[in-house]
Amino acid sequence: MRRAPDEAMTEKRLPELRDVQRDDEGRALLLSMTFPELKRWVQDDLGEKPFRAKQLWKWLYIRMVSDFDEMTDLSKSVRAKLKDAARIDVLTLEDVYTSADGTRKLTWTTLAGATIESVLIPTEDRNTLCISSQVGCAMNCQFCLTARMGLRGQLTTAEIVNQVVGTRRLYEEEQHLSNIVFMGMGEPFHNPDNVIPATRILIHRDGLNFSKRKVTVSTSGLVPEIERFGAESEAQLAVSLNATTDEVRDWIMPINRRYNLDRLLGALRSYPYRKHERVTFEYVMLDGVNDSDDDLCRLVRIASSIPCKVNLIPFNPHPGTEFRPTPMPRVREFRERLQGKHIHATIRVTRGDDEMAACGQLGKPGPKQPKRMRPPESFVEAVRAEDTP
Ligand code: SAH
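### A short note on the packing of helix 4 (residues 157-171) against helix 5 (residues 192-202)
Where helix 4 contacts helix 5, the two axes come as close as 8 Å, and the packing angle between them is 40 degrees. With respect to helix 5, the axis of helix 4 lies oblique. Helix-helix and strand crossings are classified by hand; for helix 4 and helix 5 the assignment is right-handed. Where helix 4 approaches helix 5, its residues Thr 157, Ile 160, Val 161 and Val 164 are matched on the opposing element by Asn 194, Val 195, Pro 197, Ala 198, Ile 201 and Leu 202. Class assignment of the residues belonging to the contact of helix 4 with helix 5 gives a composition of eight nonpolar, two polar and no charged.

This is the structure we're talking about:
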């Protein structure tokens, strides 16, 4: 198959080249650059021939070196220039927690001193890394622990990509990373200028070379950014639906007050799906909140109108939450009833929950937490009254 010379992108629009991201000493962050951005930097800032960009890209993403001195096909003088002008790693590994089921939670420190988390989930047929896109999150989803932190900062593209490169360096021999999901801390589409280029770096064929079908960005439903993502990235889209009415979604996912179900589903109906491409609907099952027969009927109706698959997620409790998981027989009933209507439906197996590495269990809430939303009158019974203001 023919492809554009600089990027493995033929169908999607090439975004503008962004300004170079730098550390406090002014060094350029190499892991922040898409291939065309690196090429421009090599020519304009480093004053080197464009083929150096290809050499550098291979050292960064195939050999995955962390030190310029290991780049042995570059002359000493070029290496010296690079050391002066650029930096590779922007994260320091802090800790690795391994769960009984083999899931590993990796914690990293950013240059600014924040802690972020990635989760490596090994299964029989794949190894998935779940990465963070922000420090904390501003979306205030009521069932999620990360939301309790509020938003503390945006990650640079380098900090996003470094989670993948750092994990590959550590575990590549025993556990080849095949899948990436942007489902760690943060709302990826609240940081699209860093997340979208990161997806392009991950799927670049001469580098990390992830399959575009195996890189998935999950959003709580920011409609303009869903449209932008459709135009600019070849990675897969997942949407955390989690409710079938505006009344419930307004409560458990306040972003719904800005982009309601009508707008969200409208954007997904006009999304530029490629052949065989579908959006994944995530649906966290909350006892007495979104698991009624009426919810099931509405979920069937929604899922039948959009090219999609549905991933039912058992709720992972965390300290202080007022929500309870839907009992597993009911979760299975949801799956079967969806499948009966020819909707592709799966149940996500909970992993890493003994080390607080499961969905919605990342991060440490601080003393100042975002406010809890009041449930609609008809739901007050469903949650423990003492936990709500
Ligand atoms: N902000 C993005 C990605 C991060 S959350 C998003 O909302 O999609 C990844 C998934 O975990 C989302 O589908 C979210 O609904 C789900 N989730 C959050 N808290 C959870 C919890 N406590 N138990 C199970 N799933 C949870």
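### Looking at the domain arrangement of the chain
Looking at the assigned domains, one finds that the chain contains domain 1 (23-87) and domain 2 (91-383). Centre-to-centre separation of domain 1 and domain 2, based on C-alpha positions: 33 Å. Listed by partner, the interface residues are 11 residues for domain 1 and 16 residues for domain 2. A per-element tally of the side of domain 1 that touches domain 2 places helix 2 (residues 51-61) first, with three residues. Considering only residue class, the side of domain 1 that touches domain 2 consists of seven nonpolar, two polar and two charged.

### Considerations on the pairing of strand 4 (residues 104-110)
Alignment of strand 3 (residues 91-98) against strand 4, held across seven bridges, turns out to be antiparallel. In the sheet register, Leu 91 faces strand 4, and the bridge partner there is Thr 110. Remark: five residues form the turn of the hairpin made by strand 3 and strand 4, two consecutive strands paired antiparallel; Gly 102 in that turn has positive phi of roughly 90 degrees. Bridging between strand 4 and strand 5 (residues 115-122) involves six bridges; their strand directions are antiparallel. Looking across to strand 5, one finds that Lys 105 is bridged to Val 119. Remark: four residues form the turn of the hairpin made by strand 4 and strand 5, two consecutive strands paired antiparallel; Gly 113 in that turn has positive phi of roughly 90 degrees.

### Regarding the sheet that holds strand 5
As summarised here, the arrangement of the 10 strands in space is 3-4-5-6-9-10-11-12-13-14, forming an open sheet in which the pairing is mixed. Two strands bound the open sheet, and with one partner strand each, they are strand 3 and strand 14 (344-347). The mean angle between the axes of side-by-side strands here comes to 20 degrees, regardless of whether they run parallel or antiparallel. In the sheet, strand 13 (residues 308-314) pairs with strand 14 via four bridges, with the strands oriented parallel. Bridged to Lys 309 within strand 14 is His 344. Packing of helix 4 onto the sheet brings it into contact with strand 3, strand 4, strand 5, strand 6 (127-130) and strand 9 (179-182), and relative to strand 3 it is tilted by some 55 degrees.

Conventions used here
- Residues numbered from 1 in each chain as written.
- Predicted model: local features only at pLDDT ≥ 70, side-chain atom pairs only at ≥ 80, totals over all residues.
- Axes fitted to C-alpha atoms, helices over the stretch in contact; angles between N-to-C directions.
- Helix = DSSP H or I, 4+ residues; strand = E, 2+ residues; numbered from the N terminus.
- Parallel < 35°, antiparallel > 145°, perpendicular 65-115°, else oblique.
- Left-handed = near helix turned anticlockwise from the far one by under 90°.
- Contact = placed C-beta atoms within 7 Å.
- Nonpolar A, V, L, I, M, F, W, Y, C, P; charged D, E, K, R; others polar.
- Domains from an automatic or database assignment.
- Pairing = 2+ DSSP bridges.

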